[in-house]
Amino acid sequence: MGNILKKSSKSSSKSSSKSSSKSSSKSSSKSSSKSSSKSFLKSSSKSSSKSLFFKKNDLLTNNMKIKDVINYDKSENGLLFNKYKILKTISHGLHGIVYLVEDNHKNKYAYKVEKISEKELINNYDSSVLRQLDFFENIAKKYPNNFMNLYDYYITNDCNFDYNYILKNTFHKNKVLAYKNLPYCIHYFYNLIDSTLLDLLKSWKYFKNKIFNALLLQLLYNIYILNLHGYTHHDLHIENVGLVKTTEKYINILNKEIPTYGYYVQLIDFGKIDHNKYHNNNLNKNSLLIKKYKSDLIGFVYIVVVSKYFNFCKKIEKTQNVNMLKKVSKSYPPIPLHKLFIINNKLSELLNLNISKNYYFKYTKYLQTILYQILYYKEFQQSFDTNYIVQLNDFMSNDDIFFVIKNLYDPYKVLEYFLQKFKL
C-alpha cells in the first residue's frame with residue numbers, strides 16, 4: 001500500500017517520533033489534503049441519520065472470530081466511526097487507500113481502507129483478515145518496536161470511498177477494476193512510521209555503509225523473531241521495511257549493543273503473513289520447501305542486492321527522472337542460457353537442491369535474478385539501455401550473500417554471522 005507515516009504520540013511506543021514524515025508532507029499539499037477528506041466523506045454519506053456500527057474491541061483473542069459486518073455511515077459530526085478525522089491521503093494500492101487520520105485525542109494513525117471479498121469473512125485461517133489479526137495479537141503486540149501495530153479495525157458492507165482516486169493514479173487499471181465491485185471493506189487503523197528504507201536511500205547523496213549495515217542487523221533480527229514464532233512475512237521488500245525515529249542510541253540484539261543511528265526498523269504490511277497452522281497440516285511438496293527455505297531471507301537478500309546498486313541508480317537519476325532503486329528491485333531481465341546454466345549450478349550447490357529438476361521450488365526465479373545481478377552486474381546495468389557501468393557497493397561481499405542463500409532455513413545463524421562480520 002505504500003508508505004505509512006509516523007507513530008501516534010500516545011498509542012505507540014515512547015521511541016516514536018512526533019513529527020510527521022517530510023517526504024509525505026511534500027507529496028501532499030494542504031489543499032489536496034482537504035479535498036481528499038471532503039471527497040471521502042462526501043462519497044460516504046447516506047440518508048440515514050444514525051450510524052449502525054460497533055467498535056471491535058477485545059476481538060483479538062486466542063479464539064478469534066470475525067464478527068458481524070456493520071453498516072457504515074459517516075457520523076453527524078463528519079468523523080469516521082464517530083472518532084477519526086481524515087487529514088490527508090498518504091498513498092494507495094490496487095484496491096484501497098491509506099489516509100493520515102487523527103482521533104478525538106489528537107493521536108494520529110495510518111488509516112487503511114480496502115475492498116475485500118466475502119470469502120475473507122469466514123472464521124478460519126483461509127481468511128487473510130483472520131491471519132493478520134492472529135499476527136497482530138500474538139506477535140506485533142509483544143514486539144511493538146519491531147512490527148507495525150494494529151490499534152483498531154472495522155468491517156463494513158458499505159464501501160463508499162473514493163475509488164476513482166485509485167483509478168486516476170495507477171497504471172494497473174484492469175486489476176483495480178477487478179476489485180471495484182467487491183461488496184465489503186475493511187478499515188484498519190495502524191501506528192505510523194517516519195519513512196521506509198527506500199525513502200532513506202533516496203535521501204542519501206552518498207551510500208553510508210555503517211548506518212546501512214546497522215539497519216540490516218535490525219532487519220535480520222526482525223526476521224529471526226518471525227521465524228522463532230513460526231511466521232513468515234512473505235512480502236519483504238525495500239518498501240515494506242519501515243523506519244521509526246528514536247532517541248535511543250543502541251538496541252540490544254543477541255546481547256550485543258548495536259547503534260540505532262536514530263531509527264528502529266519496523267516491518268509493515270502483513271497482508272501475506274503465513275504460518276504452518278494456517279494450512280491445517282495439509283502441506284504439499286512446495287509448502288514443505290517453503291517451510292525450509294524461508295522466503296523472508298530471500299527478501300533480505302533482494303534488499304541487499306538492490307542497495308548494492310545505489311551508486312548506479314544515483315548516476316542514472318542525474319540524467320533521467322525515474323526512481324531507479326525501485327526499478328532495479330522490480331527488474332527481471334532475460335538471462336542468457338549459458339549464464340543461466342552457470343547460475344543454476346551455483347544455486348544447486350548453495351541450496352543442496354537440484355534447481356533444474358525442482359520446478360516446484362517457488363523462489364527459483366528470484367534467486368536466479370539475484371545471482372545474475374551480482375555475478376554479471378555489467379550486463380544487468382546494460383539492460384537499462386545506458387552507457388554507465390558502475391561498481392557495486394561493497395558493504396556486503398558476494399560470499400556474504402552466498403552464505404545467506406546457503407542458510408535460508410536458519411535466520412539465527414545468518415544473524416550471528418553478520419553480528420560478528422559487521423564492524424560497527
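Novice: Give me the packing of aromatic side chains: which residues, what numbers.
Specialist: Under the criterion given, the structure shown has 38 aromatic pairs. Between Phe-81 and Phe-189, the ring centres sit 6.4 Å apart and the planes meet at 85°, which makes this aromatic pair edge-to-face. With Phe-81 in the loop between helix 2 (30-43) and strand 1 (85-92) and Phe-189 in strand 5 (residues 184-190), the pair connects residues that are 108 residues apart, well separated along the chain. Assigned by exposure class, Phe-81 and Phe-189 land together as buried. On the numbers, 5.8 Å between centres and 50° between planes, the contact of Phe-136 with Tyr-190 is tilted. Of this pair, Phe-136 sits in helix 3 (residues 128-140) while Tyr-190 is found in strand 5, placing the two residues 54 residues apart along the sequence. Residue class for Phe-136 comes out buried when judged on its relative accessible area of 2%. Here the aromatic cluster, defined as three or more aromatic residues joined through ring pairs, consists of Tyr-125, Phe-135, Phe-136, Tyr-143, Phe-147, Tyr-188, Tyr-190, Tyr-231, Phe-270 and Tyr-278. The ring of Phe-395 has Lys-308 lying over it, and the distance from NZ or CZ to the ring centre is 5.6 Å. Over the ring of Tyr-332 we find Lys-365; its NZ or CZ atom is 4.8 Å from the centre of that ring.

Novice: Account for the nonpolar core, with residues named and values stated.
Specialist: If you look at the biggest cluster of nonpolar residues, it comprises 107 residues, and the most contacted ones within it are Phe-135, Leu-219 and Phe-300. Per-element tally for this core: the top contributor is helix 7 (residues 209-228), with 12 residues. Excluding its chain neighbours within four sequence positions, the residues that come into contact with Phe-135 are Ala-140, Phe-147, Leu-226, Tyr-231, Phe-270, Ile-273 and Tyr-278. Counting 15 residues, the second largest nonpolar core, distinct from the first, contains Tyr-109, Tyr-111, Val-113 and Cys-159.

Novice: Which residues make up the environment of Cys-313, and what values go with them?
Specialist: Here Cys-313 lies in helix 10 (residues 310-317). Counting along the chain gives 12 residues from Cys-313 to Leu-325, while the straight-line C-alpha distance between them is 6.0 Å. Ignoring anything within four residues of it in the chain, the contact list for Cys-313 reads Met-324, Leu-325 and Val-328.

Novice: If you had to explain the sheet that holds strand 8 (residues 241-245) to someone new, which residues and values would you point to?
Specialist: Overall, antiparallel pairing links the 3 strands, which are arranged 6-8-11 in an open sheet. The sheet is open, and its two edges are formed by strand 6 (195-196) and strand 11 (263-267), each paired on a single side. In the sheet, strand 8 pairs with strand 11 via 5 bridges, with the strands oriented antiparallel. In the sheet register, Val-244 faces strand 11, and the bridge partner there is Tyr-264. Taken strand by strand, helix 7 contacts strand 8 and strand 11, and its axis lies near 40° from that of strand 11.

Reading the values: the criteria
- Residues numbered from 1 in each chain as written.
- Predicted model: local features only at pLDDT ≥ 70, side-chain atom pairs only at ≥ 80, totals over all residues.
- Heavy atoms only, no water.
- Phe/Tyr/Trp six-rings, centres within 6.5 Å; stacked < 30°, edge-to-face > 60°.
- Helix = DSSP H or I, 4+ residues; strand = E, 2+ residues; numbered from the N terminus.
- Buried < 20%, exposed > 50% of the residue type's maximum accessible area, 1.4 Å probe, protein only.
- Lys NZ or Arg CZ within 6 Å of the ring centre and 35° of its normal.
- Core = buried A, V, L, I, M, F, W, Y, C linked by side-chain atoms within 4.5 Å.
- Contact = heavy atoms within 4.5 Å.
- Pairing = 2+ DSSP bridges.
- Axes fitted to C-alpha atoms, helices over the stretch in contact; angles between N-to-C directions.

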